[in-house]
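This is what each chain is made of:
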Amino acid sequence: MNKKLNLQNIIITVIVSWLVLFVFMPNLMIIGTSFLTRDDANLIEMTFTLDNYIRLFDPLYAKVMWHSFYMAIIATFLCLLIGYPFAYMIAKMPEKWRPFMLFLVIVPFWTNSLIRTYGLKIMLGTRGVFNNTLLYLDIIDKPLRIMYTEYAVMIGLVYILLPFMVLPLYSAIEKLDHTYIEAARDLGASKLQTFTKVIIPLTMPGIIAGCLLVLLPALGMFYVSDLLGGAKNLLIGNVIKSQVLNARDWPFGAATSIALTAAMAIMLYAYYRAGKLLNRKVELE
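Owing to the predicted nature of the structure, the values given are computational and were not obtained by experimental measurement. (Residues numbered from 1 in each chain as written. Predicted model: local features only at pLDDT ≥ 70, side-chain atom pairs only at ≥ 80, totals over all residues. Heavy atoms only, no water.)

**Q** How should I be thinking about the nonpolar core in this particular structure?
**A** As a rule of thumb, nonpolar side chains are buried together in soluble globular proteins. Counting residues in hydrophobic clusters, the biggest one holds 58 residues, and the most contacted among them are I90, L157, M221, V224 and L228. With 12 residues, the top contributor of residues to this core is helix 7 (residues 150–174). With near-sequence residues (within four places) excluded, M221 lies in contact with L157, I160, L161 and L235. (Core = buried A, V, L, I, M, F, W, Y, C linked by side-chain atoms within 4.5 Å. Buried < 20%, exposed > 50% of the residue type's maximum accessible area, 1.4 Å probe, protein only. Helix = DSSP H or I, 4+ residues; strand = E, 2+ residues; numbered from the N terminus. Contact = heavy atoms within 4.5 Å.)

**Q** Teacher, can you tell me more about the packing of aromatic side chains here?
**A** When we look at a pair of aromatic rings, we describe it by the centre distance and by the angle of the planes. If you walk through the whole model with that rule in mind, you get nine aromatic pairs. Measuring from centroid to centroid gives 5.1 Å for F35 and Y53, while their planes differ by 40 degrees, and the two rings are tilted. Here the residue F35 occupies a position in the loop between helix 1 (2–34) and strand 1 (37–39), and Y53 occupies one in helix 2 (residues 51–54), the gap between them amounting to 18 residues. An angle of 90 degrees between the planes, with centres 5.7 Å apart, marks the rings of Y84 and F195 as edge-to-face. Placement of the pair is Y84 in helix 3 (residues 59–92) and F195 in helix 9 (residues 191–202), with a sequence separation of 111 residues. In this structure F195 comes out as partly exposed when scored by relative accessible area, which is 31%. Here the aromatic residues F35, F48 and Y53 are joined through ring pairs into a cluster of three or more. The ring of F252 is capped by R55, whose NZ or CZ atom sits 3.9 Å from the centre of that ring. (Phe/Tyr/Trp six-rings, centres within 6.5 Å; stacked < 30°, edge-to-face > 60°. Lys NZ or Arg CZ within 6 Å of the ring centre and 35° of its normal.)

**Q** Hey, could you run me through the pattern of salt bridges in this one?
**A** Oppositely charged side chains can pair when the atoms bearing their charge come close. Inspection of every chain in the model, using the stated rule, returns three salt bridges. Where D226 meets K241, a salt bridge forms, and the shortest distance between an N and an O atom there is 2.6 Å. Here D226 is found in helix 11 (residues 222–229), whereas its partner K241 is found in helix 12 (residues 236–246), with 15 residues between them in sequence. The class for D226 is partly exposed, based on a relative accessible area of 33%. Overall, the relative accessible area of 23% leaves K241 in the partly exposed class. (Salt bridge = Lys/Arg side-chain N within 4 Å of Asp/Glu carboxyl O.)

**Q** Where do I start with the packing of helix 7 against helix 11 in this structure?
**A** The packing of two helices is summarised by the inter-axis angle and the distance between the axes. Packing of helix 7 against helix 11 leaves a shortest axis separation of 8 Å and a crossing angle of 140 degrees. By the angle between their axes, helix 7 is oblique relative to helix 11. Where helix 7 crosses over helix 11, the handedness of that crossing is right-handed. Of the residues in helix 11, those in contact with A152, V153, G156, L157 and I160 of helix 7 are Y223, V224, S225, L228 and G229. For the contact of helix 7 with helix 11, the per-class residue count stands at seven nonpolar, three polar and no charged. (Axes fitted to C-alpha atoms, helices over the stretch in contact; angles between N-to-C directions. Parallel < 35°, antiparallel > 145°, perpendicular 65-115°, else oblique. Left-handed = near helix turned anticlockwise from the far one by under 90°. Nonpolar A, V, L, I, M, F, W, Y, C, P; charged D, E, K, R; others polar.)

Have a look at this one:
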């Protein structure tokens, strides 16, 4: 018994130490840096200031943040629009085929997302596979300009993040209690009414989880914007990267990172509250 307790204490100590050293301390350093002053010679000057957070309300940076949220929300909506029918079809397939289909969803994770983004760049270029195919089929007369536009960034975000939407949706749909659907049909509900009034509410936890899993990473995927969008389609991650690596303004980069983290924390709390309200509603019914 004592040996088991000692082993558990060692494992807990290792895990807590790991989290403190590589999660808590780095984040604490970023928070501290966000309240310091930039110094051209030493990067950081040990002078307390709130200017880094005040700069976030500058119209230039506020515009980038709004554009970043706009792009992330649209990408999330498109992932939901594509992912829900896809997850529903997988859940309705014969049980022997479901593992294979889920395997196909997970396969893209085996390749680095940066490499896949470069692959998209080849696909969407003026002389890329997509344009060459359309020209060969005489669908268009001249190549479409997709690269370095919002459309290219949106395609990149959806392509990379779609599995994060499909997996929680599949989990929610698979656990769906079909007695509710049968009851709705017995009461004369149409297929559309059954879908909107029964299936959607019952799978709402999966929808919310999938939306968060797509929305939060989409805000910081600076390399997708860099490679596919050009300078006019920046995300918050691009601002953080440029401030830390190019402008060498670590305090402002840290403040922007903390603001992004705070926004993500608010969304996660909203998800937690929504989940509790949904569970309470189900219990009351």
